[in-house]
Amino acid sequence: MNWNWDLNKYPQLRCVVPTVFFCLMVYGTWAFIHKLCVKQLLGRHNHHAAGIALIVVQSVLFAVISFIWAQILVVGPGRQPHIAPFELVSTNTTSETQPTSTVPAKLYQCDSNGYPRWCSNCEGLKSLRSHHSSVANYCIPRFDHYCIWLGTTIGKDNYKQFVIFLFYCTVSFGIMWISAIVCYLKYGRHYQEQNNFDGNLVTLVILGAMGWFFVAGLLLAHISYMVRNLTSLEVIMLNNNKKFKKKHRKNSEFPTERTVFLSFWDEDRNERYIIEVTSTEFIKCFDKKSYLKNCQEFMGQNPLLWLFPVAAYKRTQAASSLEKQYDLDTILGTYNETVSKNAIVFLKGKISRGEYLTTLDAHGDKFLSN
Ligand SMILES: [Zn+2]
């Protein structure tokens, strides 16, 4: 779902929307527990077991949801460590000495000359899948989106918490409106006869149902993104590519699709190649062609822990490339993104067919062979 609200124009929305959302959740829980469970089920109709069970389940869910929300805010989306520029040299001047700059990744996104993506705000290189957030004012690894409802950016570090937040909200809102509807169907006539139907219960059904369709839809969308190893941003880019392709299909002057450049170190050939691929091919490079493996990259290695509000992975201490000369894998640690084996085969195929722009050397390439 794409919310094009200009948050820079209305910065107060960043506080107002999450506050309203939280108040609605508190109101819904109060209406459910007090008006439905205590007053109706326990007080009027003597359904003690059902009433107490629903009170306990909903209270626990409210506590869990609030805890996960706090966790999403405290953990934050993550911050890409600073990466100093790579030293790119002409293919004729290879050097076997120790690298004097960051050893580049085997694969990175670049321009047609091989220069990697640069973030002028952070004054550093952008690693694969990271994106500069204007709200946080730094580059966020595996940037997903800015969530106006929760009031924070969702990135690699808090994505798992975001997904289980949606899951528990779906369960909670579902219980709320289904219970209210069941209560109404069973006792609705009774209330009408006595003319004392509580308006809070109607509000509970409407709010619960609206909330449920919203969070359940978002949850399903994010599950469909995860199994394909995509972020929300990448899904938007794929959709834009489709629109672009459709728009320029009949116009032979325009390319049929946007393209990006990749710098790829082929260890078999001992050479770095600049390869042009379509933006769609590039975005799909991260798909490991296994639902489980793709989900593990977002939710953590152990599926038994997916629904628990624990960190998806143990974060390594990020090292700044300014402090010491490191290879990129060490600098990025857990923020390092890997492409699939299929993507490597695809790139090697392009090289063997001569479908590359040029070759170049990056200082330190020779250290990538082993
Ligand atoms: Zn940045």
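Residues numbered from 1 in each chain as written. Predicted model: local features only at pLDDT ≥ 70, side-chain atom pairs only at ≥ 80, totals over all residues.

### Considerations on the overall build of the chain
On a plain count of helices and strands, the chain comes out with nine helices and eleven strands. Taking all 370 residues of the chain together, 32% fall into the buried category. (Helix = DSSP H or I, 4+ residues; strand = E, 2+ residues; numbered from the N terminus. Buried ≥ 20, exposed ≤ 12 C-beta atoms within 10 Å, placed from the backbone.)

### Examining the pairing of strand β10 (residues 271-278)
When strand β9 (residues 259-266) meets β10, the two strands line up antiparallel, connected through eight bridges. Across the sheet, residue Trp265 finds its bridge partner in β10, namely Arg272. Connecting β9 to the next strand, β10, in antiparallel fashion are four residues, including Asn270 with a positive phi near 60°. Note: β10 against strand β11 (residues 358-362), three bridges, orientation antiparallel. Bridge pairing links Arg272 to Leu360 in β11. (Pairing = 2+ DSSP bridges.)

### Side note on the environment of Leu292
Here Leu292 is to be found in helix α7 (residues 291-299). The exposure class assigned to Leu292 is exposed, which follows from the 9 C-beta atoms found within 10 Å. Sequence spacing of Leu292 and Val227 is 65 residues, and the spatial spacing of their C-alpha atoms is 7.4 Å.

### Section: helix α9 (residues 341-352)
In this model, α9 (twelve residues) spans 17 Å end to end at C-alpha, consistent with the 16 Å of a helix rising 1.5 Å per residue. Once α9 ends, the next one or two residues include Gly354, with phi positive near 75°. (Expected span 1.5 Å × (residues − 1).)

### Describing the UniProt feature "transmembrane region" (unreviewed entry) in the chain
Per the UniProt annotation, the sites labelled "transmembrane region" (unreviewed entry) are residues 12-33, 53-75, 162-187 and 199-221. Its end C-alpha atoms 33 Å apart, residues 199-221 is made of 100% helix and 0% strand. (UniProt positions renumbered as here; feature names shortened; annotations may be inferred.)

### Side note on the sheet that holds strand β1 (residues 88-89)
One open sheet accounts for five strands, arranged β1-β11-β10-β9-β2; its pairing is antiparallel. Each end of this open sheet is capped by a strand with a single partner; those strands are β1 and β2 (107-110). The pairing of β1 with β11 spans two bridges and is antiparallel. Looking at the pairing, Val89 lines up with Asp361 of β11.

### Details of the environment of Ser224
By the element assignment, Ser224 lies in helix α4 (residues 199-227). A sequence separation of 71 residues divides Ser224 from Cys295, and the C-alpha atoms of the two residues are 9.9 Å apart.

### Quick look at the packing of helix α1 (residues 13-44) against helix α2 (residues 48-75)
At their nearest, the axes of α1 and α2 sit 9 Å apart, and the two run at 170° to each other. Looking at the two axes, α1 sits roughly antiparallel to α2. Contacts between α1 and α2 involve Thr29, Phe32, Ile33, Cys37, Leu41 and Leu42 from the former and His48, Ala50, Gly51, Leu54, Ile55, Gln58, Ser59 and Phe62 from the latter. Broken down by class, the residue content of the contact of α1 with α2 amounts to nine nonpolar, five polar and no charged. (Axes fitted to C-alpha atoms, helices over the stretch in contact; angles between N-to-C directions. Parallel < 35°, antiparallel > 145°, perpendicular 65-115°, else oblique. Contact = placed C-beta atoms within 7 Å. Nonpolar A, V, L, I, M, F, W, Y, C, P; charged D, E, K, R; others polar.)

### Considering unusual backbone geometry
Unusually for a residue other than glycine, Asn229 sits at a positive phi of about 55°. Position of Asn229 relative to the elements: it lies in the loop between α4 and α5 (232-247). Under the C-beta neighbour-count criterion, Asn229 is labelled buried, with 24 such atoms within 10 Å. Backbone geometry places Lys289, a non-glycine residue, at a positive phi of 60°. By the element assignment, Lys289 lies in the loop between α6 (279-283) and α7. Note on Lys289: 13 C-beta atoms within 10 Å, which makes it partly exposed.

### Section: α2
Because each turn of an α-helix spans 3.6 residues, side chains separated by three or four positions in sequence point in the same direction. Taking 1.5 Å per residue as the helical rise, α2 with its 28 residues ought to reach 40 Å, and the 40 Å between its terminal C-alpha atoms agrees with that figure. Among the residues making up α2, those that are buried are Gly51, Leu54, Gln58, Ile65, Ile68, Trp69 and Ile72. Of the residues one or two after α2, Gly76 is the one with positive phi, at around 75°.

### Here's the deal with the nonpolar core
Ranked by internal contacts, the top residues of the largest apolar core, which has 36 residues, are Leu36, Phe165 and Leu204. Breaking this core down by element, the ones donating at least two residues are α1, α2, β7 (145-147), α3 (159-194) and α4. Considering every element that reaches this core, the biggest residue donor is α3, with 13 residues. Leave out the neighbours within four places in its chain, and Leu204 touches Gly28, Ala31, Phe32, Leu36, Met176, Trp177 and Ala180. Counting 28 residues, the second-largest nonpolar core is a separate cluster that includes Trp265, Phe282, Ala343 and Tyr356. (Core = buried A, V, L, I, M, F, W, Y, C linked by C-beta atoms within 7 Å.)

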